[in-house]
Amino acid sequence: DPIQRELFYLDIANKCLVTRKTRKSDYSALRSYFLFGCGPEEPPAHFNKIYPHIDQLTSFLYSAETTRFSIDLGASVNELEQGKTPTLTRALNDEWLNSNADQNFSMALTWALVFNSAFIKLTYRNGIQPYMVEPAAMGVLREDTPGLDRQEAIIQTYYITKSELFNRLYSHPRRDELVKRVTATQHQRTDIPEPIDRIITTSVTPTIYGNINLDLSGYNKYKPQVAEDTVEMRELWLWDDETEDYQVVTMADPDVIIYDRPGSTVFIKGELPFVQICPNPQFDYFWGQSEVQKLVYLQEMRNKRMSEILDLLSKQVSPPTALIGFTGILDEKNFALNRAAGLLATDSPNAKVEQLAPSIPNDSFREIAEIDAMFAEVSGISSVLQGRGESGVRSAGHASQLARLGSSRAKKRALIVEDSLEKVATLYLKMMQAYDPTHYKDVTGNKFIAEQFTRDYMVKVDAHSNSPIFTEDLRTLAFNLFKAQAIDKESLLDLLEPPMKQLLKEKLKVMEKKQQEAAAAPQSTTPPAPKAGGKPELKVAE
């Protein structure tokens, strides 16, 4: 029944968003600590240690410049498919860079560490378009079950203008009727729950109650403002057992169902367009753990110690003063003492002035250094990985060995991120098979399109190239394989990924061709011709 079906959709949507307001409040605090080193309603920290720490951790877990992919075929795939793999691998890497997916993934990883998860959504519109989706805009049916593929229902909330909604419904038979039913208002990003975001103002007569949005902090909080009226949209993805595909329901505020269609008409059959990035997963909580939340108390401790040290330093520069035996207005006398060429006179013979400058403990800044070391310990970034020297290191090999052993925790996190990266890249190739009509050539020169490639494959990150921690190990392995003659010069260039790789490979082919021609040319064995009018020269052996 259509009415029962609509009520079912609305009920599932509300269940998926049951924790959204609570999570938005938590994300607001984490966002503020990441950007400013303080809570949402506090003044910014003198030095925000969380931001550079997360920035450094992100650089260890993912490198947009060096990441490249390879296609691994299944065990049952025909050997003839191997000839298509090099061409499709190059096309996949080109599409990844051209669609700006490398930068989108880097941004999503940063905010996944700040919050607890982030999402990459893939759409196709004149090419593959990747988008980052914040976790506050997402909802799942069961938060006690990790993994998107194990969820029966997933929902995304987003905002579009009324004119954009009208444009997207160009082929809908009931476009005018639906647009009239939706509600459009100015959308303002609010991170504080409504019961807390309320100021009660009282006067003598009458008593005034109201809400006010007033920022007294005096610094930019990087919150967008949209003056145009927007419509709140919800996109619900439900798994259908009968069709073995997702059912996609698009709803507009207030609970107006616009589309109800199979997922194969929107994306790929049986696949979700969302990929979760969760660097710190937890077995019983879908969203995972936040890296910033582990650093909040360390940042507060650092803020407290810095405020105390600055207070002591200010008292050293302008120490408190005791005026003993003086009468009258003491503030004026204190002002005269603290002014250049100030003069203070009194008739009291026992009057004296004492400055009570506090002493600064010798280990004050050492405690700050210990707190910074705790930051590194939380995320597993040792001093060697940060480029700092260690006592007792006497050679480059020793330092390299320490860096390799000290990076084990970061490598563990990088492999978790690598799984999400491979999932996005695999969806990229599947979308190329579904939508891209480009003709390619295999190694034998036969033409084909991506749709003719096998479905039994997995896109992998080539040699863990997503993390710079593995870079030195990869270089060493590549040269060792070349010395052992296990690979040729062209494969060595593929492993090292030098600048202008394609040009170097073309020049290498020309050089090898010239060497082969020179080796195949017949060597002349004809003796030299005798001089004119003379006899051939005879050489006598000694």
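Each remark here, short or long, concerns the structure printed above.
Calculation criteria
- Residues numbered from 1 in each chain as written.
- Predicted model: local features only at pLDDT ≥ 70, side-chain atom pairs only at ≥ 80, totals over all residues.
- Heavy atoms only, no water.
- Phe/Tyr/Trp six-rings, centres within 6.5 Å; stacked < 30°, edge-to-face > 60°.
- Lys NZ or Arg CZ within 6 Å of the ring centre and 35° of its normal.
- Salt bridge = Lys/Arg side-chain N within 4 Å of Asp/Glu carboxyl O.
- Buried < 20%, exposed > 50% of the residue type's maximum accessible area, 1.4 Å probe, protein only.
- Helix = DSSP H or I, 4+ residues; strand = E, 2+ residues; numbered from the N terminus.
- Patch = residues over 30% accessible without salt bridge, like charges linked within 9 Å, V, L, I, M, F, W, Y side chains within 5 Å.
- Areas by Shrake-Rupley, 256 points an atom, 1.4 Å probe, with all protein chains shown as cover.
- Lys, Arg positive; Asp, Glu negative; His and termini not counted.
- Charge placed at Lys NZ, Arg CZ, Asp CG, Glu CD.
- Polar contact = N/O pair within 3.5 Å; in protein donor to acceptor, adjacent residues only side chain to side chain.
- Contact = heavy atoms within 4.5 Å.
- Axes fitted to C-alpha atoms, helices over the stretch in contact; angles between N-to-C directions.
- Parallel < 35°, antiparallel > 145°, perpendicular 65-115°, else oblique.
- Nonpolar A, V, L, I, M, F, W, Y, C, P; charged D, E, K, R; others polar.

J.: Please explain the packing of aromatic side chains as it appears in this structure.
T.: Here a ring pair, both rings aromatic, is described through the centre-centre distance and the interplanar angle of the planes. Enumeration over the complete set of coordinates arrives at 18 aromatic pairs. The lysine or arginine in question, Arg23, covers the ring of Trp287, its NZ or CZ lying 4.0 Å from the ring centre. One cation-aromatic arrangement involves Arg261 over Tyr259; the distance from NZ or CZ to the ring centre is 4.1 Å.

J.: How should the pattern of salt bridges be read in this particular structure?
T.: Pairing of side chains with opposite charge becomes possible as their charged atoms draw close. Evaluated as defined, the whole model comprises 23 salt bridges. In this structure, Glu81 and Lys84 form a salt bridge, with 3.6 Å as the shortest nitrogen-oxygen distance. Judged by relative accessible area, which is 15%, Glu81 ranks as buried. Lys505 is paired through a salt bridge with Glu490; the nearest N and O atoms lie 3.5 Å apart. Highlighted residues: Lys505 in helix H15 (residues 501-520) and Glu490 in helix H14 (residues 489-496), separated in sequence by 15 residues. Judged by its relative accessible area of 13%, Lys505 is buried. If you follow the salt bridges from partner to partner, you end up with Glu271, Lys423 and Lys430 in one network.

J.: Which parts of the structure should I look at to understand a negative patch on the surface?
T.: A surface patch of negative charge is lined by Glu152, Asp241, Glu242 and Glu244. Given a relative accessible area of 56%, Glu244 falls into the exposed group.

J.: Hey, could you run me through the side chain of Thr89 in this one?
T.: With respect to the secondary-structure elements, Thr89 resides in helix H4 (residues 85-98). In terms of polar contacts, Thr89 uses its side chain to reach the backbone carbonyl oxygen of Thr85, at 2.7 Å. Beyond its immediate sequence surroundings of up to four residues, Thr89 is in contact with Phe69, Ser70 and Ile71.

J.: Looking at this structure, how should I read a nonpolar patch on the surface?
T.: A grouping of Leu310, Leu313 and Phe365 is seen on the molecular surface, where their side chains present a nonpolar patch of about 250 Å² in accessible area. Relative to the assigned elements, Phe365 resides in helix H10 (residues 364-379).

J.: Please explain the packing of helix H8 (residues 291-317) against H10 as it appears in this structure.
T.: A packed helix pair is summarised by two numbers, namely the angle formed by the two axes and the spacing between the axes. Contact pair H8 / H10: the axes reach a minimum separation of 10 Å and the direction vectors enclose 175 degrees. Judged on the interaxial angle alone, H10 and H8 are roughly antiparallel. Together, Glu291, Lys294, Leu295, Leu298, Gln299, Met301, Arg302, Arg305, Met306 and Ile309 of H8 and Ser364, Phe365, Glu367, Ile368, Ile371, Asp372, Met374, Phe375, Val378 and Ser379 of H10 make up the contact between the two elements. For the contact of H8 with H10, a count of residues per class yields 11 nonpolar, three polar and six charged.

J.: Sorry, what's going on with the environment of Glu152 here?
T.: In this fold, Glu152 is placed in the loop between strand S4 (138-140) and strand S5 (153-161). Separated by 10 residues in the primary sequence, Glu152 and Arg142 have C-alpha atoms spaced 8.2 Å apart. Setting aside chain neighbours within four positions, we find Glu152 in contact with Leu141, Trp237, Leu238 and Trp239.

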